[in-house]
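Residue-level listing of the chains:
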Amino acid sequence: MSTPRIEVIEQYCKGCSICVEFCPTNVLEMDGFLVKVVRPEACISCMQCELRCPDFAIKVHKD
Amino acid sequence: MAFDYDKYLRPGKLPHIWCPGCGHGIVLKGLLRAIDACQLEKNRTAIVSGIGCASRLPGYVDFNTLHTAHGRAAAFATGIKMAQPHMNVLVVGGDGDGVAIGGNHFIHACRRNIDMTYVICNNFIYGMTGGQFSPCTPTGDKASTTPYGNPDPTFDIGKLAIGAGATFVARTTAFHATQIDKLIAEGIRHKGMAVIEVLDDCPTTYGRRNKFRSVVDMMKRFKELAVPVAKAATMSKEELDGKFVTGILHREERPEYCEQYAQLVKRAQNL
């Protein structure tokens, strides 16, 4: 299975850190007030971040 | 595959006005997934709201939308459904809008069992107007108008809706994101008044006054305190104290108001 592509729309991200906290494999980290994808290879495409982001700012593309 | 929310959103409206971490965005996404699951046509769907943070939701979605007076969403929605019974009518609002200022309209919409889906985002507070306590603020909690703790008992929206006559009543939380769309979809498919209460987090006016360090703490609290209906049935009243029972709380079949009214019109015309 290929690694999913995680798209962060920085314009929409308000830095609430919900995605960072609920990611089971610590793919994401906060970088100031924005979320940053730091370990994309660890993503298991559970979609928790996309599901819980209140700001439509994160998308997981499985392709 | 990532869900395509963009097809239901009005272009150029994002980012929305809600605060960082506000659960209303999660409810909006759940609502759009539910609409997609039920394959509602845009032209045959109306989303109505009153005033408040949650009531800003229709501004972002590409359907027939109506942003009405404070608490009057159910009244306007009743008007739409009566005039155009083929429309799918959804109402979105907060706890203050739905059961405080609009409490009267809410209970009568439930009583009539008119075919609409009412999504109440219960964030325990009046967020937009500055954090005043609402009838859903838990007893003892702080709001801008109850700095020493709220002395009032709270409304149980589920029981209120059941008592008033709603035929589908469900509850979930902003933490249970997948349950939101499942319950809303069930509510849309249900013929009659469907009330879905989504317990929501307000980090800005409720959380910071009540010792929640972050929005994540509020989400985790929902996870800890939510009890599914089946499990709640095995628990005593004392054990359930302070917990939220989630899932479908009530479902029954009863004649729907628009159909009853259409029959009445037919009867009157034959005279």
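Residues numbered from 1 in each chain as written. Chains lettered and ligands numbered in written order. Predicted model: local features only at pLDDT ≥ 70, side-chain atom pairs only at ≥ 80, totals over all residues. Heavy atoms only, no water.

Examining the pairing of strand 8 (residues 194–199) of chain B
The side chains of a regular strand alternate between the sheet's two faces. Residues and elements named next belong to chain B. For strand 8, a buried count of 6 out of 6 residues is recorded, marking the element as mostly surrounded by other parts of the structure. In strand 8, alternate side chains face the same way, and those of A194, I196 and V198 on one face and V195, E197 and L199 on the other are all buried. Both strand 4 (residues 117–122) and strand 8 contribute to a ladder of 6 bridges, which runs parallel. Among the inter-strand pairings, V119 is bridged to a residue of strand 8, identified as I196. (Buried < 20%, exposed > 50% of the residue type's maximum accessible area, 1.4 Å probe, protein only. Helix = DSSP H or I, 4+ residues; strand = E, 2+ residues; numbered from the N terminus. Pairing = 2+ DSSP bridges.)

Notes on the pattern of salt bridges
Opposite charge on two side chains allows them to pair when their charged atoms are near. Residues and elements named next belong to chain B. Taken as a whole and assessed by the stated rule, the structure comprises 12 salt bridges over all chains. A salt bridge links D181 to R33; the nearest nitrogen and oxygen atoms lie 2.9 Å apart. Here the residue D181 occupies a position in helix 6 (residues 177–189), and R33 occupies one in helix 1 (residues 24–37), the gap between them amounting to 148 residues. Exposure class is identical for D181 and R33. Each is buried. Of the charged contacts in the structure, one is a salt bridge between D156 and R171, with a shortest N-O distance of 2.7 Å. Of this pair, D156 sits in the loop between strand 6 (132–133) and helix 5 (157–164) while R171 sits in strand 7 (residues 168–173), placing them 15 residues apart in sequence. Under the relative-accessibility criterion, R171 is labelled buried at 8%. (Salt bridge = Lys/Arg side-chain N within 4 Å of Asp/Glu carboxyl O.)

Description of the packing of helix 4 (residues 103–112) of chain B against helix 5 of chain B
Residues and elements named next belong to chain B. The geometry of helix 4 relative to helix 5 is characterised by a closest axis approach of 7 Å and an angle of 50° between their N-to-C directions. Classified by the angle their axes make, helix 4 and helix 5 are oblique. From helix 4, F106, I107, C110 and R111 reach across to helix 5, where they touch I157, L160, A161 and A164. Of the residues that constitute the contact of helix 4 with helix 5, the class distribution is 7 nonpolar, no polar and 1 charged. (Axes fitted to C-alpha atoms, helices over the stretch in contact; angles between N-to-C directions. Parallel < 35°, antiparallel > 145°, perpendicular 65-115°, else oblique. Contact = heavy atoms within 4.5 Å. Nonpolar A, V, L, I, M, F, W, Y, C, P; charged D, E, K, R; others polar.)

Looking at the sheet that holds strand 1 (residues 45–49) of chain B
Residue and element names in this part refer to chain B. Taken together, the 8 strands give an open sheet; going across it, the order is 2-1-3-4-8-7-10-9, and neighbouring strands pair in mixed fashion. Each edge of the open sheet is held by one strand with a lone partner, namely strand 2 (64–67) and strand 9 (226–228). In this sheet, neighbouring strand axes are inclined to one another by 20° on average, regardless of whether the strands run parallel or antiparallel. Across 5 bridges, the pairing between strand 3 (residues 88–94) and strand 4 is parallel. Within strand 4, the residue paired with V91 across the bridge is Y118.

A few points about the layout of surface pockets
Residues and elements named next belong to chain B. Put simply, the largest pocket is a space of about 810 Å³. When residues of the lining of the largest pocket are traced back to their parent elements, those giving at least two are helix 5, strand 8 and strand 10 (244–251). A class-by-class count of the residues in the lining of the largest pocket yields 13 nonpolar, 4 polar and 8 charged. Taken as a whole, the second largest pocket spans an internal volume of roughly 160 Å³. Taken together, 17 residues make up the lining of the second largest pocket; nearest its centre are I51, G52, C53, Y126 and G127. Counting residues per element, the ones that place at least two in the lining of the second largest pocket are helix 3 (95–101) and strand 5 (125–126). (1 Å grid on protein atoms, 1.4 Å probe; cavity = no way out; pocket = protein on both sides within 12 Å on 5 of 7 lines; lining within 4 Å. Points joined across faces, edges and corners; volume = space filled by probe spheres on them.)

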